[in-house]
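Coordinate inspection notes
What follows is the residue order along each chain.
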Amino acid sequence: MELRQLEYFVAVAEERSFTRAAERVHISQSGVSAQIRRLERELGADLFDRSARTVTLTVAGKAALEHARAALAAAGAVGQAVGEVADLIRGRLTVGMVVGCTVSPLFDALAAFHRAHPGVEISLVEDDSERLVEEVRAGTVDLALVGAAASAPEGLDALTLVSERLVAAVPPGHPLARSPRVRLSDLLAHPIVCMPPGTGLRAVFDRDCAARGLHPVITLQATAADAVADLAARGLAVAVLSESMAARHAERLTARLIEDAGTPAVLALVWKGASGPAVRELVAHGRRAFAE
C-alpha cells in the first residue's frame with residue numbers, strides 16, 4: 001500500500017468522479033483507476049460502486065476513508081516536523097490587514113519572513129477588523145492585523161502592538177482647539193468624521209458613546225486615518241482618531257484627548273493558538289519589526 005494510492009482513493013471519494021479526481025491529482029484517469037484497482041486487490045474488497053454515473057463508496061470504502069485521511073495527515077505532519085527542524089517551512093500563508101491601515105512594520109515583517117522562508121507563498125487581503133477576526137477563527141486567514149476595543153478578540157492568541165486613547169482632532173481655529181477640556185458630549189455640537197463600523201477605532205467610539213447614552217451623528221466616514229485627518233483639516237468635521245494617528249498631522253490639526261472616552265483603541269496581530277510553524281515564525285518577525 002502506497003501513500004499515493006491513498007491520496008487517489010481520497011480524491012475519488014471526495015470528488016465522486018474518477019475524471020475530476022484525476023484533474024485534482026494531475027495524472028491521467030487511467031492512472032488513477034489502475035492505482036485504485038491495485039489498492040482494492042491488496043485490501044481484498046471493492047472500495048467504490050462503479051455501476052452508476054456517480055461514483056459512490058462501498059461499505060468497505062466508507063470504513064477505509066477516514067483511516068486513509070488520517071494516514072495522509074500523519075505523513076504530512078512528518079514532513080512538516082522535519083521541515084520545521086531543518087528551517088524549511090513551506091506552504092501558503094494568508095495574512096489579513098484592516099482596510100486603510102498601512103502600517104510599515106507589518107510590511108517589514110512580511111519582507112523579513114519572505115527572505116527567511118522563500119518556500120512559503122504569502123497572500124495579503126484587506127477587510128474590516130470584525131470580518132478579519134471571523135476569518136481567522138474560521139481558518140481562512142492565518143494571521144491578521146486588526147483594530148479592537150479595549151483588548152484583543154477573545155479566543156485568539158494576540159500580540160498587542162498599540163493601545164491608545166481617542167482624541168478629537170480639529171484645525172487650529174476650531175472652537176474645540178481653544179477648549180482645555182473635551183468630552184464626548186462636546187462633539188455632538190459639531191459634524192463628526194470617523195472610521196466606519198467594523199473598525200476597532202469606531203467600535204471604541206460607539207461603545208463609549210453608548211455607555212453615556214449619547215447618539216452622535218457621523219456625517220463623514222473614511223477607512224484610512226489620513227483621509228479622516230484630511231477632511232478635518234479642511235474644516236468639514238471633527239476627526240475622531242487615536243493619539244498616534246492624530247500626531248502624524250500635528251502641523252495642521254490640534255488634538256484634544258477626549259476625557260470620558262476611556263476605552264483604549266487596540267491594534268493587534270491575532271491568530272489561532274494551534275497554528276503551524278509558518279504563523280509562529282511570522283509572529284516572531286512581527287514582534288521584532290514592531291519593537292524596532
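One can find the structure itself at the top, above this paragraph.
Just so it is clear, the model here is predicted, and its values are computed rather than measured.

Here we come to the sheet that holds strand E7 (residues 166-170). Judged by pairing direction, the sheet is mixed, and its five strands sit side by side in the order E9-E8-E10-E7-E11 without closing on themselves. One side of each edge strand has no neighbouring strand; the edge strands of this open sheet are strand E9 (218-221) and strand E11 (254-257). Each adjacent strand pair in this sheet contributes to an overall mean axis angle of 35°, direction not counted. Against the sheet, helix H8 (residues 200-211) engages E7, strand E8 (192-194), E9 and strand E10 (238-242), with an angle of about 110° to E10.

Attention now moves to helix H1 (residues 3-15). One turn of the α-helix equals 3.6 residues, which is why residues spaced by three or four share an orientation. With 13 residues, H1 extends 18 Å between its outermost C-alpha atoms, agreeing within 8% with the 18 Å of an ideal straight helix rising 1.5 Å per residue. Within H1, burial applies to Gln5, Leu6, Tyr8, Phe9, Val10, Ala11, Val12 and Ala13. Arg16, located one to two residues past H1, shows a positive phi value of around 60°.

This part takes up the packing of H1 against helix H3 (residues 29-43). At a minimum axis separation of 9 Å, H1 and H3 run at an interaxial angle of 110°. With respect to their mutual orientation, H1 and H3 come out roughly perpendicular. The residues of H3 that touch H1, namely those facing Arg4, Gln5, Leu6, Tyr8, Phe9 and Val12, are Val32, Gln35, Ile36, Arg38, Leu39 and Glu42. Class assignment for the residues of the contact of H1 with H3 results in seven nonpolar, two polar and three charged.

The next point concerns unusual backbone geometry. Of note in this structure, Arg16 is not a glycine but carries a positive phi near 60°. Within the secondary structure, Arg16 sits in the loop between H1 and helix H2 (18-25). In this structure, His26 takes a positive phi of about 65° despite not being glycine. Within the fold, His26 resides in the loop between H2 and H3. Exposure remark for His26: the relative accessible area of 70% places this residue in the exposed category.

This part covers the layout of surface pockets. Looking at the largest pocket, its volume works out to about 520 Å³. Around the largest pocket, the lining comprises 28 residues; the ones closest to its centre are Cys101, Val103, Met245, Arg248 and Leu267. At the level of elements, strand E5 (143-149), strand E6 (157-164), H8, helix H9 (225-233), helix H10 (243-247) and strand E12 (265-271) are the ones that each hand at least two residues to the lining of the largest pocket. Partitioning the lining of the largest pocket into residue classes produces 16 nonpolar, nine polar and three charged.

Looking now at the sheet that holds E6. The five strands are arranged E4-E3-E5-E12-E6 in an open sheet whose pairing can be described as mixed. Pairing within the sheet leaves two strands with one partner each, and these edge strands are strand E4 (120-127) and E6. Sheet twist, expressed as the average angle between the axes of neighbouring strands with direction ignored, equals 25°. Direction of pairing for strand E3 (residues 91-98) relative to E5: parallel, over a ladder of three bridges. Each bridged residue has a counterpart across the sheet, and for Val95 the counterpart in E5 is Leu143. Along the sheet, helix H5 (residues 104-116) contacts E3, E4, E5 and E12; its crossing angle with E4, the most-contacted strand, is approximately 165°.

The rules behind these values
Residues numbered from 1 in each chain as written. Predicted model: local features only at pLDDT ≥ 70, side-chain atom pairs only at ≥ 80, totals over all residues. Heavy atoms only, no water. Pairing = 2+ DSSP bridges. Helix = DSSP H or I, 4+ residues; strand = E, 2+ residues; numbered from the N terminus. Axes fitted to C-alpha atoms, helices over the stretch in contact; angles between N-to-C directions. Contact = heavy atoms within 4.5 Å. Expected span 1.5 Å × (residues − 1). Buried < 20%, exposed > 50% of the residue type's maximum accessible area, 1.4 Å probe, protein only. Parallel < 35°, antiparallel > 145°, perpendicular 65-115°, else oblique. Nonpolar A, V, L, I, M, F, W, Y, C, P; charged D, E, K, R; others polar. 1 Å grid on protein atoms, 1.4 Å probe; cavity = no way out; pocket = protein on both sides within 12 Å on 5 of 7 lines; lining within 4 Å. Points joined across faces, edges and corners; volume = space filled by probe spheres on them.

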